[in-house]
Amino acid sequence: MSKRMQNLMLPLLAVITGLILGGIIMWISGYKPINAYIALFQGAFGNPVFIANTIAGAIPLILTSLGIAIAFRTGLFNIGAEGQYWIGAMVGTWIGYNFPHLPWYIHIPFALIGAMLAGGIWGGLIPGLAKAFVGAHEVITTMMMSYIAILIGHFMLERGPMMAPGYNPQSPLVSPTATLPTLISNSNLSAGIFIAIAAIIVVYLVLFHTTFGYRLRTVGYNPMAAKYAGMNVPLFTIYSLGLSGVLAGLGGAVQIMGVDHQLTDTFSSGYGYTAIVVSLLARNNPIAIFFASVFFSALSTGSQVMQINSGVSPNMTDVITGVIIFFVATDKLYSYFRGRFRRTAKAQSEQKGVSLS
Amino acid sequence: MAILEIRNLRKVFGSVIANDEVNLSLEAGETHAILGENGAGKSTLIKMISGLYKPDAGQILLNGVEQHFANPRDAILAGIGVVHQHFMLIPALSVAENVVLGSEGSRFLFRKKDAIEKVLRISKELGLPLDPAIKVQDLPVGMQQRVEIVKALYRNARILILDEPTAVLTPQETEELFAVVRRLNQDQIPVIFISHKLDEVREIADRITVMRAGKSVNTMPVADATAKELAQLMVGREVVLETIKTPAQTGNVVLSVEGLSVRDDRKMTRVKNVSFDVRTGEIFGIAGVDGNGQTELVEAIVGLRKLEGGKILFLDKDITAESVSGRIHRGIGYVPQDRQRDGLVLPFTVADNLILRSVGNQPFSKSGWLQKKSTRASAEKLIKEFDIRPPLADAQAVSLSGGNQQKVILAREMSREPQLLIAVQPTRGLDVGAIEGIHRHLLSLCEQGKAVLLVSLELEEIMQLSDRIGVMHAGELVTVMDAKKATRETLGLAMTGERVEEGVAP
Amino acid sequence: AAAQKHAAPIGAKFKVGLVTDTGGLNDHSFNHLAYVGVLDAHKKFGVKYSVVQSHQSSDYVPNLTTFAQEGYNMVIAVGYLMDSAVQQVSKEYPKTKFLIIDDAITNRKNVMSAIFDTQQCGYLVGVMAGLMNLQKHIPQINGKNVVGVIGGQDIPPVESYMAGFEAGVKKVDPKATVLQAFANSFTDPGTGQQMALSQISQGADIIFPVAGGTGTGVINAAKQKNIFAIGVDANQNYLAPSTVMTSALKGVDVATEIAISDALHHHFKSGVVHFNLANKGVGIAPPIKAVPKSVLKKVDSFIPLLVKGKINPPALLSSH
Amino acid sequence: MSVLGLVFSNPELYGSTLAMATPLALGALGGTFSERTGVVNIAMEGIMLVGAFFGVMAAASSHSAWVGLLAGVVAGGLISLALAWPAVRLQSDQVILGMAINLFAAGLTAFLLNTVYGFGGTPISTPQLPQLTIPILNNIPFLGAVLGQQNVVVYLMILLVIIGHFFLFHTNLGLRMRAVGEHPEAADTVGINVVRIRYFGVLIGGMMSGLAGVYLSIGMLNSFEVNMTDGRGYIALAAMIFGKWTPFGSLGAALLFGFATAVSFSLQNYGVSANLIGILPYALTIVALTGVIGRSKAPAADGLPYEPSK
Ligand SMILES: Nc1ncnc2c1ncn2[C@@H]1O[C@H](COP(=O)(O)OP(=O)(O)OP(=O)(O)O)[C@@H](O)[C@H]1O
Ligand SMILES: Nc1ncnc2c1ncn2[C@@H]1O[C@H](COP(=O)(O)OP(=O)(O)OP(=O)(O)O)[C@@H](O)[C@H]1O
Ligand SMILES: [Mg+2]
Ligand SMILES: [Mg+2]
């Protein structure tokens, strides 16, 4: 099998194994796995609106995991994308409802750029500086900053400065001039998809076709060699975490401006964590991130219809997803068992040889 | 009867036949050398003897009894002690912990005091003094090797195998090692000694086995072997052993170091008031026992380390405050000591590694965009010029052998046409063929009127290549002498800190 | 119509879809209660039902739409978080009836909004707590005049309980201290337990958790330290029979069942429907024996005042 | 007395600190054991959940909290094998495995909770692990209020930290574990079974994280709630790094975090905004990390797969 073929086959095999195992668990607990899976698929891709929703659900994952992937590529683990996503959403929302008189072509970029900057500062500048200058481990700093961001978000909404007039802890709706148009009516799919695709292309080009990306990767693979080659390693650490935050922040703003239109306490359901899994699954490859995100989103949207049609709890989706990721990680399993089989076969034949002589 | 006998041993890794029909016999009390090019299969053989690899075919016999080592523990119990080519020490642990690890000798509790005592006793018996409480990461390589030897003997080794032990040693340390080997031989402990260095082998060994391309091609008593013959057996072709050096046409000063003092990471002053010049067209060699400040000196010159005092002038310009990349652009090339750690990005392709220090320059990039075509074209040219094998620009650096990795680094640095090339241990661990190539490249630089600062622990190499030689000891440049007048003895003396009369500070 | 009466369960053709918010059915709160109401309706009228627990907030619209599209007669949206989703979907499916809990949508003919005046039941349990706090002879009462209330998060349905509680306590015991805290989570009983212990150490001897799953930790701490707790939403006495002295009830189950029944029997009411003491949409659970008759009597005396609107407890905390 | 004076002089604050620190310290200790042998463990969150759930389940059905404890610890150990086996045998990416376990455990425990017990929650008859009263300690004025009466798991945690330290730094097996985490090949050459040691480290680590979960479900409480760990596994990960992969360091970091959390509980009762005061533990951690602790270096071979001799 060629390497490219293998890269394609292994995740597929993992998905199939995961689905079979999930099916067995469902069957044991008294559900009908086949029906459930049909419902899952229908829920994800059964009609144009479902397809649109599946793609829409992938947008925040794409943007956030692109960010996480950049950090991974530099050898850094940005575990706090969730908070950067929040910060981006917060700033995007604030700009989105505060300047209703701006024309859309200024208002939208304004909100997006604001969100990106905020995410970048939150994820990059602070943990990056702490890492570069005092060696504070980025896993801790990004995680702590993330919790802080979410608490600030709640503070803003719960009787705080961003709460809309009235009773509910939610921000005002962003003005139409800061709303990303919906592409397919009755669905969540907004023009945000173009931003996500553009981000994939940009990240791909930056990483693999610019000197900046080359240096990022060098620092990631071998900081010593980077240093000896005259690269400013601490600076690239900051860049990397910063970009990571920029993309997560963008993700948050795009979600608000395209789907939610206002900030609420529960607007994110842990995209920042799911995105870690997505980028790992995609081996930090920007293009693979697209497919991995769609896959995750399909599981999530499909699981809703699966619930309705076959009563399977959505927690089952998490179980199946966990199993799938497990088998992606254990890609050597297949060759391991093949090897084992061969070895035992060989051992048996050898033994035969001995007994014959 | 032979203590250890190897019969038709074979080991295959995927498509690489690392060992095939290897035969060897080791007699009591002898030192048996194994000679062979890089990749000849020496280390693989040792790993099978020590239980790390399982042979695919063939037999290992100890005192006539066939052995089937399932793991290194079996081999240790059978009395085989190995000092691996890449030291198997744990830097974060102390010497004593490293020595007793795995055979602590107590039931459950780790008894630190006992371990320290045992280490002291063995090192005293061997005449290899060691501080057992110090962490291995704080030891120079020569000392680390002592730890390895003590470690093997602590486990009651009845056969000692040394895989390329002298590659990291100074002449003095090598002599000390040889003394230990002779003492072991007297105690009837045979030693297998692996090396590329013909003269050393001829000095210490009783018999020599030559390996080539995974096979043992010949075994002979040392008296019967000439250097030329051995080299020919190793490589399978005729080798020019002496590099012919024409006297330098020296010109202007390229690098001038004035009163340099440098501290190490632990704030110890490691370079003290060092001054010297390097001129166009010459190779300035720096000799010295490892750990006498050479590393810190070089790191200061390339900009990786702050100065405690002094000045560095490059082409008459004060570059003391300049960044690493600034110095690179001014024309300083650098071949670091540890090629994998500092010199290469192993997952990158050869082509990408070749632009590591010039990625921001034309023609490799244009306004921030990588120019893959130019990169590739230049890579292909360099691969041909430096004979990098396999000749694939897209091969990952990690898949290259050590010698070829070194060629990549040298090609990269030379392709920048530096005014000054600083090369630290450029031929460490390489075979004769590869060394020959690298030496040729260094000399050609001088012929083009560039300057070379060569730091090496190999006296032969320094003496062969340099025009002038500086010797460092305890952070000081104790002498600078004309290479023509330098002898092993005078250099060796200077390396111990003796000031040599003739040495005139520049 | 006569034929219909003979058909076994009258609701056999009536389909109800329940969409939870992201809290899910395990929330020990309104999602769960709404589900109970749907089950009751199923048992009583034979209506068919289906439940979907939303995974993320962007699922609200698709989930509501799915039910509407598949011809469900009534779709129930649990929680104010679905406000805009219900606005949107109810407009597109005018024939489908919608019920939204804890939210006020007034401009749709096919939407009923159930608002629970939980400040009223909060007030009643507050009165009870205030009075109990003065009963120094009861072993659980320490005489320090301190009670506590722990919210899951600072959101309206939680705050109205807390505000009512605070007002009730102060009404009967103006000198009492009411400790307030938020756990910032509805799913962290460990934090609930520690917050309760913290309040207990500051003298609280009656604590009222309004925090879903987090509240189970509060009740546990109360039991451990032998003080009183007050249940929320449903009668939570079963969690710790001698500790949970009463519960403030929020009849989400009742409201759900009523809404289903109304729709089924063709007298669906659109607009905001207040569930309060007057229509038994909120209330308090029968207290345990430790609560003296005198206290009970006093508490009961407040019910008519609240029903008649003579007392209007605040729905917002005084600290805001 | 000022508010702060009141808060800090209340012994309950320190008791609460200890209680909040316990699951974090146990998780961090578990992570330390795993990572000291070179297997990166970010699965504490999931393992804790599994330990918590099976702890309750066994306790409820056997009517013995001790059986629950045992079951939770065993379950934690078993699920950690899903990390150990591929990490050790298949050289799989340990970070991916950890995330897979976290997702799987969250889904599985929620699913089982509903399947086994319905939406009403776990049985209220579930027994709880006892609070211990330490005779003499309990009578010392301030200290007694802090340390004299705690859940048995709290004392167990302190004991495990001490034993863990002693084990890692003063026994042969501990030395071997550290050796494997630093340089598995070197350990292999002196006859140490790298595979077995790594299994051991991950397994022990999993059991400790399982115990952390048990503490949450039947130590502090007697019930299981969906996702009741509420991110403590990740905080434990941070505590492990913060504590520089040592048992006492882990405990110290957990205590710092527990302390800040406990302070935030008390301060709230004095009318400080819950959301803003909630920032305290996280902010304090960053400040401590950048100001005092600085660099923490993982074991050299942490996360690097090792293929043993062939
Ligand atoms: N683990 C391995 N997997 C695959 N191939 C290997 C492995 N180890 C060694 N080889 C191959 O086996 C051959 C012999 O290698 P070995 O390390 O024994 O050489 P050597 O004689 O010790 O060389 P050197 O002088 O450079 O140390 C090499 O060509 C190498 O490619
Ligand atoms: N662990 C390994 N796994 C896979 N391949 C290996 C391994 N070690 C070495 N090789 C392969 O073996 C080949 C030779 O490696 P080695 O370093 O032994 O070469 P060499 O013959 O000593 O070369 P040189 O003389 O240039 O140092 C390389 O191509 C490398 O890809
Ligand atoms: Mg080699
Ligand atoms: Mg070798």
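Note that the structure is predicted; figures quoted are calculated from it, not measured.

J.: Could you give an account of the arrangement of the chains, with specific residues and numbers?
T.: Pairwise contact counts over the 5 pairs of chains in contact peak for chains A and D. Between chain B and chain C there is no contact; the minimum C-alpha to C-alpha separation amounts to 38 Å.

J.: How would you explain the interface of chain B and chain A if you had to name every residue and give the values?
T.: Facing the 27 residues of chain B at the interface are 18 residues of chain A. Interface of chain B and chain A: buried area, both sides summed, is about 2,000 Å²; carbon and sulfur atoms make up 66% of it. At the boundary of chain B and chain A, one finds 0 salt bridges. For the pair chain B and chain A, the interface holds 10 residue pairs in polar contact (both at pLDDT 80 or more). Taken together, the elements giving at least two residues each to the side of chain B that touches chain A come down to α10 (324–330), α11 (339–343), α12 (350–354) and β18 (369–370) of chain B. Per element, the largest residue contribution to the side of chain B that touches chain A is 4 residues, and it comes from α11(B). A breakdown of the residues in the side of chain B that touches chain A according to their chemical character gives 14 nonpolar, 7 polar and 6 charged.

J.: Now, about the domain arrangement of chain B: what can you tell me, with residues and values included?
T.: Taken domain by domain, chain B comprises domain 1 (4–235), domain 2 (239–331 + 418–506) and domain 3 (353–416). The C-alpha-based centres of domain 1 of chain B and domain 3 of chain B are spaced at 36 Å.

J.: Any chance you could break down the confidence of the model for chain C for me, citing the residues and the numbers?
T.: Residue and element names in this part refer to chain C. With 97% of its residues at a pLDDT of 70 or more, chain C has an overall mean of 91. Predicted confidence for residues 1–8 stays below pLDDT 50, and this span has 1 contact to residues more than four positions away or in other chains. In the predicted complex, the global pTM is 0.87; the interface-specific ipTM is 0.84.

J.: So what about the interface of chain D and chain A? Which residues, and what values?
T.: Each partner contributes residues to the interface: chain D has 46 residues there, and chain A has 46 residues. Together chain D and chain A conceal approximately 4,000 Å² of surface at their shared face, both sides included; 81% is due to carbon and sulfur atoms. Between chain D and chain A we count 0 salt bridges in total. Counting only elements with at least two residues in the side of chain D that touches chain A, the list comes to α4 (65–89), α5 (94–117), α12 (232–242), α14 (274–277) and α15 (280–293) of chain D. With 13 residues, α5(D) is the largest single contributor of residues to the side of chain D that touches chain A. A breakdown of the residues in the side of chain D that touches chain A according to their chemical character gives 29 nonpolar, 13 polar and 4 charged.

J.: Kindly report on the packing of helix α4 (residues 81–98) of chain A against helix α11 (residues 271–281) of chain A, identifying the contributing residues and their values.
T.: Residues and elements named next belong to chain A. In the contact formed by α4 and α11, the axes pass within 7 Å of each other and the chain directions differ by 130°. By the angle class used here, α4 and α11 are oblique. By crossing handedness, the relation of α4 to α11 is classed as right-handed. Between α4, through A81, E82 and Y85, and α11, the contact on the second element is made entirely by Y271, G272 and Y273. Among the residues forming the contact of α4 with α11, the class breakdown is 4 nonpolar, 1 polar and 1 charged.

J.: Run through empty space enclosed by the protein, naming residues and quoting values.
T.: By the definition in use, this model includes 9 cavities of 30 Å³ or more. Along the walls of the second largest cavity sit 16 residues, with B:I76, B:V82, B:R155, D:T189 and D:V190 positioned nearest its centre. Of all the elements in the fold, those that place two or more residues in the lining of the second largest cavity are α2 (72–77), β6 (80–83) and α5 (141–154) of chain B. Taken together, the residues of the lining of the second largest cavity sort by class into 9 nonpolar, 4 polar and 3 charged.

J.: Account for the site of ligand 1, with residues named and values stated.
T.: Residues and elements named next belong to chain B. Every one of the 15 residues lining ligand 1 counts as a neighbour, but G39, G41, K42, S43 and T44 are closest to it. Here A40 contributes a backbone N or O atom positioned 3.2 Å from an oxygen atom of ligand 1. Here an oxygen atom of ligand 1 and a side-chain polar atom of T44 are 2.5 Å apart. Elements with a contribution of two residues or more to the shell around ligand 1: β2 (16–26) and α1 (42–49). No other element matches α1, which puts 3 residues into the shell around ligand 1. Of the residues belonging to the shell around ligand 1, the class tally is 5 nonpolar, 7 polar and 3 charged.

Cut-offs used in this document
Residues numbered from 1 in each chain as written. Chains lettered and ligands numbered in written order. Predicted model: local features only at pLDDT ≥ 70, side-chain atom pairs only at ≥ 80, totals over all residues. Heavy atoms only, no water. Contact = heavy atoms within 4.5 Å. Buried area = accessible area lost by both parts, 1.4 Å probe. Salt bridge = Lys/Arg side-chain N within 4 Å of Asp/Glu carboxyl O. Polar contact = N/O pair within 3.5 Å; in protein donor to acceptor, adjacent residues only side chain to side chain. Helix = DSSP H or I, 4+ residues; strand = E, 2+ residues; numbered from the N terminus. Nonpolar A, V, L, I, M, F, W, Y, C, P; charged D, E, K, R; others polar. Domains from an automatic or database assignment. pLDDT = per-residue confidence, 0-100. Axes fitted to C-alpha atoms, helices over the stretch in contact; angles between N-to-C directions. Parallel < 35°, antiparallel > 145°, perpendicular 65-115°, else oblique. Left-handed = near helix turned anticlockwise from the far one by under 90°. 1 Å grid on protein atoms, 1.4 Å probe; cavity = no way out; pocket = protein on both sides within 12 Å on 5 of 7 lines; lining within 4 Å. Points joined across faces, edges and corners; volume = space filled by probe spheres on them. Near = heavy atom within 4 Å.

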